[in-house]
Amino acid sequence: MIEQKAWKAAFEVIASLEENGYEAFIVGGAVRDSLRGHTANDVDVATNAVPEEVKTVFSRTADVGISHGTVLVIHPLSPVEVTTYRTEGTYQDHRRPDEVYFVSSLAEDLKRRDFTINAMAMSGKQEIIDLFGGKEDLQNGVIRAVGQPLERFKEDALRMLRAIRFSAQLGFRIEESTFKAISKQAQDIHFIAKERIKAEFDKIFVSEHPIKAMQNIQQSGLAEFLPGDYDQIDRWKKFKACTDAWKGWAYFCLLQPNQDIEIMRAFKCSNNEKKQVQDIIDAHQLLISNGWTKKQYFEFDLVVLKTAHEFANNLGKNPVQPESMENIEQIKMNLAIQKKTDLAVSGHDLIKWSGQKSGPWLKESLEKILTEILENRLLNDQQQIKEWFLSERTY
Ligand code: ATP
Ligand code: MG
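Just so you know, these numbers come straight off a predicted model, no measurement behind them. (Residues numbered from 1 in each chain as written. Chains lettered and ligands numbered in written order. Predicted model: local features only at pLDDT ≥ 70, side-chain atom pairs only at ≥ 80, totals over all residues. Heavy atoms only, no water.)

Summed over the entire model, instances satisfying the criterion amount to one cavity of 30 Å³ or more. Computed from the structure, the largest cavity encloses a volume of approximately 40 Å³. Lining of the largest cavity is provided by Met214, Asp229, Tyr230, Gln232, Ile233, Trp236, Phe252 and Leu255. Residue composition of the lining of the largest cavity, grouped by class: six nonpolar, one polar and one charged. (1 Å grid on protein atoms, 1.4 Å probe; cavity = no way out; pocket = protein on both sides within 12 Å on 5 of 7 lines; lining within 4 Å. Points joined across faces, edges and corners; volume = space filled by probe spheres on them. Nonpolar A, V, L, I, M, F, W, Y, C, P; charged D, E, K, R; others polar.)

If you want it as structure tokens, here you go:
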């Protein structure tokens, strides 16, 4: 119900601005998504009031993006971003301009938006303002640049990837002249910070149709100017829609010739993301070479095991052990212990029993005991472990 609250808050914000003599409309993604009958992430408002004026209308506001004309109105139901109608200054380096200019008409504000489906507005009375045929494009499943596509991509090269990201999220096709312009300007993508490109890939990986994005990236020629290898596009057909972008990164890494996380470095992924993906790559490799040992079932998270198994199947490899996905959870659940703290002995016990000082041997011995227990060769019982330990020790 978060979404409804956001809409109610946005309509109340519009009403307050109108009562004070200003214009205000819901704009961008929220209008697009509501016309498709989908929930929107955020409900943004555009107005002819300048930020200082917006701040006098509402008792609680925060300056979140004042340099771009955005004031956050802290409405009790949900915060609402209110942005002054604006156009953008000269574009340098094919990136977002540094300066923005406030304008007085909604039409001018809508004109600077990227695609027709993103350039509609909704009034407080829920009337749709559609100056560029966005509604029709939405019905026909088309992504079309507002104005001259080549000019729009020259201004801001990220828009090329945004077009492709929307094609994956909505399952839409990119209109011909818009697509041609992407092909023509593809090399400009190198002007864009890798972090921003990565954010678009994150969205592609959790979208309904990542295959569409990958095909578009390859066919437009963008692939040539992006990190990574895009030769095995068809493999994306088997990739199931998911909610975690890291799964997409893992799949993408497995489709690289070296099956490593190198591209994640190029895309400036976080260390956490890289670690998670490395786990999948390792689990995948073990699965298709020797199959997993009990110790490996113990060490990898269930989601890692399941994902690695799914990917092995997608990639046409034969998982060695387990052959079927269904068995994974059962095998993991039936392990003698689930976590290291379940061990019936501690390092302390081993020091006491051996009379040795702590040292690298301690960790090694604990690991050995753990393996014996997981492989069901030793019971997780203090006395039995003690006997085994004293008979095994070699120092
Ligand atoms: P999402 O659901 O992913 O948030 P969105 O349409 O809301 O989709 P945002 O990136 O939040 O996308 O941008 C909000 C609106 O701002 C867009 O709908 C579009 O009108 C405009 N916009 C965003 N980025 C650009 C850009 N690079 N060039 C032109 N217009 C843009
Ligand atoms: Mg948005």
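Having seen it, we continue.
With that out of the way, let us pick up the pairing of strand S1 (residues 24-27). Taking every second residue as pointing to the same face, both faces of S1 are buried, with Ala24 and Ile26 on one and Phe25 and Val27 on the other. Two strands pair when backbone bridges link them, and S1 and strand S8 (residues 121-122) are joined in this way by two bridges, in the antiparallel orientation. Bridge pairing links Val27 to Ala121 in S8. (Buried < 20%, exposed > 50% of the residue type's maximum accessible area, 1.4 Å probe, protein only. Helix = DSSP H or I, 4+ residues; strand = E, 2+ residues; numbered from the N terminus. Pairing = 2+ DSSP bridges.)

Among the nonpolar cores identified, the biggest contains 109 residues, and Ile26, Phe201, Leu222, Tyr230 and Trp249 are the most heavily contacted of them. Once you skip the residues sitting within four places of it in the chain, Phe201 turns out to touch Leu161, Met214, Ile217, Leu226, Tyr230, Trp249, Phe252 and Phe267. Within the second largest apolar cluster, eight residues are counted, among which are Val27, Val103, Leu106 and Ala121. (Core = buried A, V, L, I, M, F, W, Y, C linked by side-chain atoms within 4.5 Å. Contact = heavy atoms within 4.5 Å.)

So, about the packing of helix H11 (residues 245-254) against helix H13 (residues 271-289). What describes two packed helices is the angle between their axes and the distance between those same axes. In contact at an axis separation of 9 Å, H11 and H13 are set at 50° when each is read in the N-to-C sense. Comparing the axis directions of H11 and H13 gives the class oblique. Considering the relative orientation of H11 and H13, their crossing is right-handed. Residues Trp246, Trp249, Ala250, Cys253 and Leu254 of H11 form the contact with H13, whose participating residues are Gln276, Val277, Ile280, Ile281 and His284. Across the contact of H11 with H13, the residue classes tally to eight nonpolar, two polar and no charged. (Axes fitted to C-alpha atoms, helices over the stretch in contact; angles between N-to-C directions. Parallel < 35°, antiparallel > 145°, perpendicular 65-115°, else oblique. Left-handed = near helix turned anticlockwise from the far one by under 90°.)

All right, on to the environment of Arg165 then. Along the chain, Arg165 turns up in helix H7 (residues 158-170). Separated by 226 residues in sequence, Arg165 and Ser391 place their C-alpha atoms 62 Å apart. Filtering out sequence-adjacent residues up to four positions away, Arg165 remains in contact with Glu200, Lys203 and Ile204.

To continue, consider the domain arrangement of the protein. Per the domain assignment, the segments making up the protein are domain 1 (1-133), domain 2 (141-226), domain 3 (232-333) and domain 4 (340-392). Its C-alpha centre places domain 3 at a distance of 32 Å from the equivalent point of domain 4. Interface area for domain 3 against domain 4, summed over the two sides, is near 530 Å², with a carbon-plus-sulfur share of 61%. Of all residues in domain 3, Lys294, Lys295 and Phe298 bury the most surface against domain 4, accounting for 93% of the area lost on that side. Scanning the region where domain 3 abuts domain 4 turns up one salt bridge. (Domains from an automatic or database assignment. Buried area = accessible area lost by both parts, 1.4 Å probe. Salt bridge = Lys/Arg side-chain N within 4 Å of Asp/Glu carboxyl O.)

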